[in-house]
Amino acid sequence: MTLLLKYTARTPIPVEVEGLIPSAVREKSLAEIERWEAFHGKEKVPLGELFQISGDPADERIEFQGELAGVHWIGARMDGGEIRVTGTAGRHVGSEMTAGTIVVEGDAGDWVGGELHGGTIHVRGRAGHLVGAAYRGSRRGMTGGTILVEGTTGNEIGHTMRRGLIAVGGAGDFAGVNMIAGTLLVSGPCGIRPGANMRRGTIGLFGSEPPRLLPSFRYACRYRPPFLSLLVSELGRHRFPLPDGMASAEMKLFHGDLVTLGRGEILLPLR
């Protein structure tokens, strides 16, 4: 049976639930979980003052219910199990998680999957800036796992990512900036300067009006990437929406960013 956390607090002050993950509560009673310390601003308060708690945590499944845009760090450092958010979610959903699955039925804030190491995060709505990105000063961002955002996202998604897959319905500026490796797919609109300073990895820009690339990217050829059919099959398993015919579409391939190592690639649909 799922552990249900229904958000009942009415406060403009941010709430942080870092550490409240399935493996941490699976052997605790409901009374112990109600006494779990969360942050309400800078003050520590019992979780029971913020949520109505019911169910059973033994099967390592947690469901957050309500509008949780002001609740941050849901599923951060998660190492297994499942978390489902039936409303909105705040910042840092699944940051630094290593395993498990997080599904957000609504929108999420900034830093979804920040420095993700493993597992899957699926946001059915929109997300903010810095999805799968490195924290400021870090040498690498996402190192594994999968992030899916069906709606649009903000700037600098995949910043300094090293491995893994990010697929989004739209992106802001500097998508894949400083990218070391990995795969980033944008099925809708994308802002300026995608792939700036990327060294390796693949960025696919499949929107109807892809942005103009930086002059430090060089046209290579046109072809049908064989790996796209595998990616489309995997994304279809997650019911992630994609443009029709993407699996077999002919693409234009560009190499860059030539101001750095220049072994990255950007794919644009052939129009």
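First, a word on scope: everything that follows refers to the structure included in this document. Owing to the predicted nature of the structure, the values given are computational and were not obtained by experimental measurement.

**Observations regarding the packing of aromatic side chains**
- Taken as a whole and assessed by the stated rule, the structure comprises 4 aromatic pairs.
- Here tryptophan 111 and tyrosine 135 contribute two aromatic rings whose centre-to-centre distance is 4.8 Å and whose plane-to-plane angle is 45 degrees, an arrangement assigned as tilted. Of the two residues, tryptophan 111 sits in the loop between β9 (99-104) and β10 (120-123) while tyrosine 135 sits in the loop between β10 and β11 (143-152), which places them 24 residues apart along the sequence.
- What makes tryptophan 111 buried here is its relative accessible area of 13%.
- One aromatic cluster is present, built from ring pairs that chain together Tyr7, Phe51 and Phe64.

**A word on the environment of glycine 70**
- Secondary-structure assignment places glycine 70 in the loop between β6 (61-65) and β7 (71-72).
- Separated by 106 residues in the primary sequence, glycine 70 and glycine 176 place their C-alpha atoms 27 Å from one another.
- Not counting residues within four places of it along the chain, the set of residues in contact with glycine 70 comprises Pro14 and Val15.

**Concerning the nonpolar core**
- Counting residues in hydrophobic clusters, the biggest one holds 58 residues, and the most contacted among them are Leu5, Val17, Leu47, Phe51 and Phe64.
- Tallying contributions element by element places strand β1 (residues 3-7) first for this core, with 3 residues.
- In this view, leucine 47 contacts Leu5, Val17, Leu20, Ile33, Glu34, Arg35, Trp36, Ala38 and Ile53; residues no more than four positions away in its chain are not counted.
- Listed in part, the 13 residues of the second largest apolar core include Leu185, Phe206, Leu228 and Met251.

Here is what the cut-offs are and how they apply
- All chains use their own residue numbering, which begins from 1 and follows the written sequence.
- Note on the predicted model: pLDDT of at least 70 is required for a residue's local features to be given, and 80 or more for side-chain atom pairs to be given and counted; whole-chain, interface and lining totals, by contrast, use all residues.
- Hydrogens and waters are ignored; side-chain quantities use all the structure's heavy atoms.
- Aromatic contacts are taken between Phe, Tyr and Trp rings whose centres are within 6.5 Å, Trp giving its six-membered ring; a plane angle under 30 degrees counts as stacked, one over 60 as edge-to-face, and the others as tilted.
- Secondary structure elements are defined from DSSP: runs of H or I of at least 4 residues count as helices, runs of E of at least 2 residues count as strands, and each element is numbered from the N terminus.
- Each residue gets one of three labels from its accessible area relative to the maximum for its type: buried under 20%, exposed over 50%, partly exposed in between, using a 1.4 Å probe on protein chains only.
- We call two residues contacting when some pair of their heavy atoms lies within 4.5 Å.
- Residues enter a nonpolar core if they are buried and are Ala, Val, Leu, Ile, Met, Phe, Trp, Tyr or Cys, with the set joined through side-chain atoms within 4.5 Å.

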